[in-house]
Amino acid sequence: MPDQDRPLLDRTVVISGASRGIGLAIAVAAAERGANVVLLAKTAEPHPRLPGTVHTAAAEVEAAGGKAAAVVGDVRREEDIARVITTAVERFGGIDVVVNNASAIATEPTHELSPKRFDLMQDINLRGTFLLTAAALPQLRESANPHVLTIAPPVNLNPRWLGAHPVYTLSKYGMTLLSQGWAAEYADAGIAFNCLWPQTFIATSAVAALPDAENQLAAARSPRIMADAAVAIVTQPAKSVTGNCFLDADAVSVYAGIDDLARYGGGDNPTPDLFLD
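Let us look at helix α2 (residues 54–63). Turning to α2, its buried residues are Val54, Ala57, Ala58 and Val61. Buried positions in α2, seen along its axis, are confined to an arc of 100° and lie on one side of it. On its buried face, α2 is in contact with α1 (21–32), β2 (36–41) and β3 (67–72). Here α2 starts with a cap whose side-chain oxygen sits 3.1 Å from the backbone nitrogen of histidine 55, and that cap is threonine 53. Following α2 by one or two positions, glycine 65 has its phi on the positive side, about 110°.

Bringing the sheet that holds strand β5 (residues 147–151) into the picture now. Read from one edge of the open sheet, seven strands run β3-β2-β1-β4-β5-β6-β7, paired in parallel fashion. In this open sheet, the two edge strands, each paired with only one partner strand, are β3 and β7 (245–247). Along the sheet, successive strands turn relative to each other by an average axial angle of 20°, direction set aside. Bridging between β2 and β3 involves six bridges; their strand directions are parallel. The residue of β3 that forms the bridge with leucine 40 is valine 71.

Under the defined criterion, the tally for this structure stands at seven aromatic pairs. Plain terms: the ring middles of tryptophan 161 and phenylalanine 275 are 5.7 Å apart, the flat faces sit at 50° to each other, and that makes the pair tilted. Here phenylalanine 275 lies in the segment after α10 (248–256) and tryptophan 161 lies in helix α5 (residues 159–162), a separation of 114 residues in the sequence. In this structure, tryptophan 161 and phenylalanine 275 share a single accessibility class: buried. With a centroid separation of 5.7 Å and an interplanar angle of 85°, the aromatic rings of phenylalanine 246 and tyrosine 255 are classed as edge-to-face. One aromatic cluster is present, built from ring pairs that chain together Trp161, Tyr168, Tyr173, Trp197 and Phe275.

Time to look at the packing of helix α4 (residues 115–141) against helix α6 (residues 166–185). Interhelical geometry of α4 versus α6 gives an angle of 10° and a closest axis separation of 8 Å. By the angle class used here, α4 and α6 are roughly parallel. As for how α4 packs across α6, the hand of that crossing is right-handed. Taken together, the residues of α6 that come into contact with α4 (itself represented by Phe118, Met121, Gln122, Asn125, Leu126, Thr129, Phe130 and Thr133) are Val167, Tyr168, Leu170, Ser171, Lys172, Gly174, Met175, Leu178 and Trp182. Along the lines of polarity and charge, the residues of the contact of α4 with α6 split into ten nonpolar, six polar and one charged.

Relative to the helices and strands, arginine 11 is located in the segment before β1 (12–16). A polar side-chain atom of arginine 11 sits 2.3 Å from the main-chain carbonyl oxygen of asparagine 145. If we skip the residues at most four places from it in the chain, arginine 11 touches Ala35, Asn36, Asp96, Val97, Asn145, Pro146, His147, Val234 and Thr235.

Once that is clear, we can look at the packing of α1 against helix α9 (residues 224–234). Direction vectors running N to C along α1 and α9 enclose 50°, while the axes themselves pass 8 Å from each other. Here α1 lies oblique to α9, going by the angle between them. Both α1 and α9 take part in a crossing whose hand is right-handed. Along its contact with α1, which presents Ile22, Ala25, Ile26, Ala29, Ala30 and Glu32, the element α9 presents Arg224, Met226, Ala227, Ala230 and Val231.

Rules of the game
Residues numbered from 1 in each chain as written. Predicted model: local features only at pLDDT ≥ 70, side-chain atom pairs only at ≥ 80, totals over all residues. Heavy atoms only, no water. Buried < 20%, exposed > 50% of the residue type's maximum accessible area, 1.4 Å probe, protein only. Helix = DSSP H or I, 4+ residues; strand = E, 2+ residues; numbered from the N terminus. Arc of directions from axis to C-beta. Contact = heavy atoms within 4.5 Å. Polar contact = N/O pair within 3.5 Å; in protein donor to acceptor, adjacent residues only side chain to side chain. Pairing = 2+ DSSP bridges. Axes fitted to C-alpha atoms, helices over the stretch in contact; angles between N-to-C directions. Phe/Tyr/Trp six-rings, centres within 6.5 Å; stacked < 30°, edge-to-face > 60°. Parallel < 35°, antiparallel > 145°, perpendicular 65-115°, else oblique. Left-handed = near helix turned anticlockwise from the far one by under 90°. Nonpolar A, V, L, I, M, F, W, Y, C, P; charged D, E, K, R; others polar.

Shown next as structure tokens:
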């Protein structure tokens, strides 16, 4: 019978972009529930302006009660993805959950956006999601409860969002469409594919870099809400929860029974996130 307090005990979770922010929060929450966590991130050495490396993230995972393996690599590179899969198999015997968290953002108007930034967003957001998911599929097929969770928004064709930053929107909606397509493609394999998106701004380094950062952070919820939502989703039976695009507030309410969101901060009127009307 599964341990109700540690429903991810002996299950292996692979997370991209896991050195800080939402990715790290999900890693720690999974570890608290007993998971083995394989962390993929480029940050091997401290960044001059941003906290955390893949190694400090691994230390936090182990302090939270999980087992960790840190892989320094780029989600865009096939050889780095292969090392992640090999690490998960050799250290922990397989893969049960993949979290596609790595993402790049640039919101300049199209006439100011460089081709380099265009390529960066498509490569990290789309190619990275594809490479990690595709490489993990053989292991996921062997799992008793396989899940792929992609941090991507519901597709909203309101011109407000289509016209705000089309290239970034393209890359994020592409992640969503891949997830929903995979849910249909692999329905018979019993692998769950879902998306998760924050209802509000989340207090990450990206928000801290915005103008008026102090007020922006005060109106942003803790990354913990995304973490609690993520682990609530991936601990559900895969065959019963697939093809969805969840908001974090809905997921913690439905699957974790958390309706009072004050614990996550953000004040009385937290700032709504992108892509939500």
